[in-house]
Amino acid sequence: MPPQAAASQQGDCCRHGHGYGSRGGGGGELPGGPLPFYLPLRRRLSVDGKSPAPRICIWECDGEAGDITCDIVAAPLRRSCSARTMQPPPPPAPFFRLMTPPPPRPQRVVVEEEEARKPGKAIRKGHRSYSLTLNLQLGISYSVGKSSALPFKKLLSSDFDPREKIWTRFPPEGSKFTPPHHSVDFRWKDYCPAVFRHLRKLFGVDPADYMLAICGNDTLRELASPGKSGSCFFITQDDRFMIKTVKKAEMKVLIRMLRSYYDHVRQHKSTLLTRFYGTHCIKQVGCPKVRFIIMGNFCCSEYKIHRRFDLKGSSHGRTIDKTERTIDETTTLKDLDLDYAFRLQRFWYEELMKQIQMDCTFLEIQGIMDYSLLLGVHFRNKTVPKIGLSQPIALTKSTGKRKSFEGGGGFCELCFMESGCKDRDLVTEPRKPFVQLGMNMPAQAERCSKKILDKFLLHERHLFITTPTGGPCDVYLFFGIIDILQDYDITKKLEHAYKSFQVNPGRISAVDPKLYSRRFQDFIRRVFIKQ
């Protein structure tokens, strides 16, 4: 057999692994050329010190090359055709699974630009109210957590007793009932806890959400006081709850009318009165008592509130003292700054007038006056009107398409302020917003041809709000009645007597509750018009 045929036959015989050698360890070359070197993947049994495997001669040659032999190895062992002793291959390196490390968890980085977009200043360590808010969070978590663990019981007459209050001491090292903390030693008072627990349930506030919003990791924000009372306002990061410091007299008014207030809000589900969630007091060592109430925020919305108004129906001193350039979405405007009438659908107009009448009657019976309507306006078009005759602030439209809410379509348009801040003007909403009295109410804002308060604004300076197109603007309205804890006491009577010598008594805020209620309702009928 010629060498070429033998090599071909040998290739067919050893297709799973090739090796060349000579009998007796002779030369390693074939007559046709040098031997190729292949590393076998498994050591041969004939040369590894164990019993030799059987061999077969596939080509006899009398030359120096010698015979060509092949080991016969049982499957699945791979066969080698080399008689030369080869070094075993190095052991494979151990296989390590290369795991991609998970990305680091994003940490909440407080950016000054993001905080500047929200009204108020975040309360952090070093803030003058930091210790007060820390004690407030400790007290609320203790009170709400303790009451939630108890079974829900029916209210008794004793639960409305003004003497129904609980004092708890919070030492820094903790006690049997209170946890240790890093604040100073303080005492915590909880007024009528059972009644406010029922009120929170009546208003649909979940205890876990309530504690998380106020006592969670997110800090509270301090708001500038829009009035002259000197009260401090704090708001949660989700804008749902507001905390207001009050005077002792206001606290007594709330506790006194708590039974009537509870019956009123339970009977009238659509009431526009302030929703109270809790009343507390903090007494720190060496500091005076701080009394405060927790209430709902009427302007808590997924839509950006472009304009806020505090409306009482009076004209004396009811204007802002800011320049046009300093007015923004956080500025609270007053009666003399309003020159718009809001046109409502017939059904909503009738519901509003009926509810306003019932709420004002309740406040009149309780002897309450000096309350106001907090009105938040969201302009659905791309232009926000501005006070004065200057050009309105334009909102830059982002890419996207807009579908009407009335048509039931989605809404995918985002608007931002031209100054470059990243506030969302509108939120992507695949369905119609939930509409109820005082929340998400669709309306049209129309420029009035005459002053809304023409009955009260004799010889008064009036600021105009310009409409960019001269026609009605589609808006969403958010409103409620606030500041309902001021009764017609001796202080207000003296204020009324003093100001009556200066201006028309009908134009000042401090008037009798009956007159105040009638004037307030008349003013509401001028601001809101039936479609």
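Per an unreviewed UniProt entry, the chain carries the name 1-phosphatidylinositol-4-phosphate 5-kinase and comes from Brachypodium distachyon.

What follows is about the overall build of the chain. Broken down by element type, the chain carries 10 helices and 22 strands. In the chain, which comprises 531 residues, the share counted as buried stands at 45%. Long-range contacts, defined here as pairs at least 24 residues apart, represent 70% of the contacts in the chain between residues at least 6 apart. Working note: accessible area of the chain is about 29,300 Å², and carbon and sulfur atoms make up 55% of it.

On the surface, a cluster of positive charge is contributed by Lys165, Arg187, Lys248, Lys252 and Lys289. Counting through the fold element by element, Lys289 comes out in the loop between β11 (276-284) and β12 (290-296).

With that settled, consider the sheet that holds strand β22 (residues 528-530). Pairing within the open sheet is mixed, and its seven strands lie in the order β14-β13-β16-β21-β20-β15-β22. Looking at which strands have only one partner, the edges of the open sheet turn out to be β14 (332-333) and β22. Relative to strand β16 (residues 372-379), strand β13 (residues 307-311) runs antiparallel, the two sharing five bridges. Residue pairing for β16: Asp310 is matched across the bridge by Leu374. Helix α8 (residues 346-365) contacts β15 (340-344), β20 (441-447), β21 (473-482) and β22 of the sheet and is inclined by roughly 135° relative to β22. Of the strands in this sheet, β13, β15, β16, β21 and β22 are in contact with helix α10 (residues 513-527), which crosses β22 at around 60°.

All right, on to the packing of aromatic side chains then. Applying the stated rule across the entire model yields 15 aromatic pairs. Ring centres 5.5 Å apart and planes at 50° place the aromatic pair Phe479 and Phe528 in the tilted group. In this pair, Phe479 is assigned in strand β21 and Phe528 in strand β22, connecting sequence segments 49 residues apart. Taking relative accessible area as the criterion, Phe479 reaches 1% and is therefore assigned buried. Linked through ring pairs, Phe203, Tyr210, Phe241 and Tyr277 together constitute an aromatic cluster.

Pairing within the open sheet is antiparallel, and its eight strands lie in the order β5-β8-β9-β10-β12-β11-β7-β6. Taken across any chain shown, the strands that pair with only one partner, and hence form the sheet edges, are β5 (121-122) and β6 (165-170). Sheet topology places strand β9 (residues 233-235) next to strand β10 (residues 241-246); three bridges connect them, and they run antiparallel. Directly across from Phe233, in β10, lies its bridge partner Lys244.

This paragraph deals with the packing of helix α7 (residues 258-267) against α8. Axis separation between α7 and α8 bottoms out at 11 Å; the angle between their running directions is 170°. Classified by the angle between their axes, α7 and α8 sit roughly antiparallel to one another. Taken together, the residues of α8 that come into contact with α7 (itself represented by Ser260, Tyr261 and His264) are Met358, Asp359 and Phe362. Tallied by class, the residues present in the contact of α7 with α8 amount to three nonpolar, two polar and one charged.

With that settled, consider the side chain of Ser143. If you trace the backbone, Ser143 turns up in helix α3 (residues 130-148). If we ignore the near neighbours within four places in the chain, the residues touching Ser143 are Trp188 and Asp190.

In a regular helix each residue adds 1.5 Å, so 15 residues correspond to 21 Å; α10 covers 21 Å between its end C-alpha atoms and thus fits that length. Buried residues along α10 sit against β13, β15, α8, β16, β21 and β22.

Moving on, we get to the nonpolar core. The biggest cluster of nonpolar side chains holds 96 residues, and the ones touching the most others in it are Phe342, Leu477, Ile481, Ile484 and Phe528. Counting eight residues, the second-largest nonpolar core is a separate cluster that includes Ile305, Leu374, Phe478 and Ile482.

Another point: unusual backbone geometry. Within the chain, Asn440 stands out as a residue other than glycine whose phi angle is a positive 55°. Note on placement: Asn440 falls in the loop between β19 (415-417) and β20. Of note in this structure, Asp483 is not a glycine but carries a positive phi near 55°. With respect to the helices, strands and loops of the structure, Asp483 is situated in the loop between β21 and α9 (490-500).

Rules used in this analysis
Residues numbered from 1 in each chain as written. Predicted model: local features only at pLDDT ≥ 70, side-chain atom pairs only at ≥ 80, totals over all residues. Heavy atoms only, no water. Helix = DSSP H or I, 4+ residues; strand = E, 2+ residues; numbered from the N terminus. Buried < 20%, exposed > 50% of the residue type's maximum accessible area, 1.4 Å probe, protein only. Contact = heavy atoms within 4.5 Å. Areas by Shrake-Rupley, 256 points an atom, 1.4 Å probe, with all protein chains shown as cover. Patch = residues over 30% accessible without salt bridge, like charges linked within 9 Å, V, L, I, M, F, W, Y side chains within 5 Å. Salt bridge = Lys/Arg side-chain N within 4 Å of Asp/Glu carboxyl O. Lys, Arg positive; Asp, Glu negative; His and termini not counted. Charge placed at Lys NZ, Arg CZ, Asp CG, Glu CD. Pairing = 2+ DSSP bridges. Axes fitted to C-alpha atoms, helices over the stretch in contact; angles between N-to-C directions. Phe/Tyr/Trp six-rings, centres within 6.5 Å; stacked < 30°, edge-to-face > 60°. Parallel < 35°, antiparallel > 145°, perpendicular 65-115°, else oblique. Nonpolar A, V, L, I, M, F, W, Y, C, P; charged D, E, K, R; others polar. Expected span 1.5 Å × (residues − 1). Core = buried A, V, L, I, M, F, W, Y, C linked by side-chain atoms within 4.5 Å.

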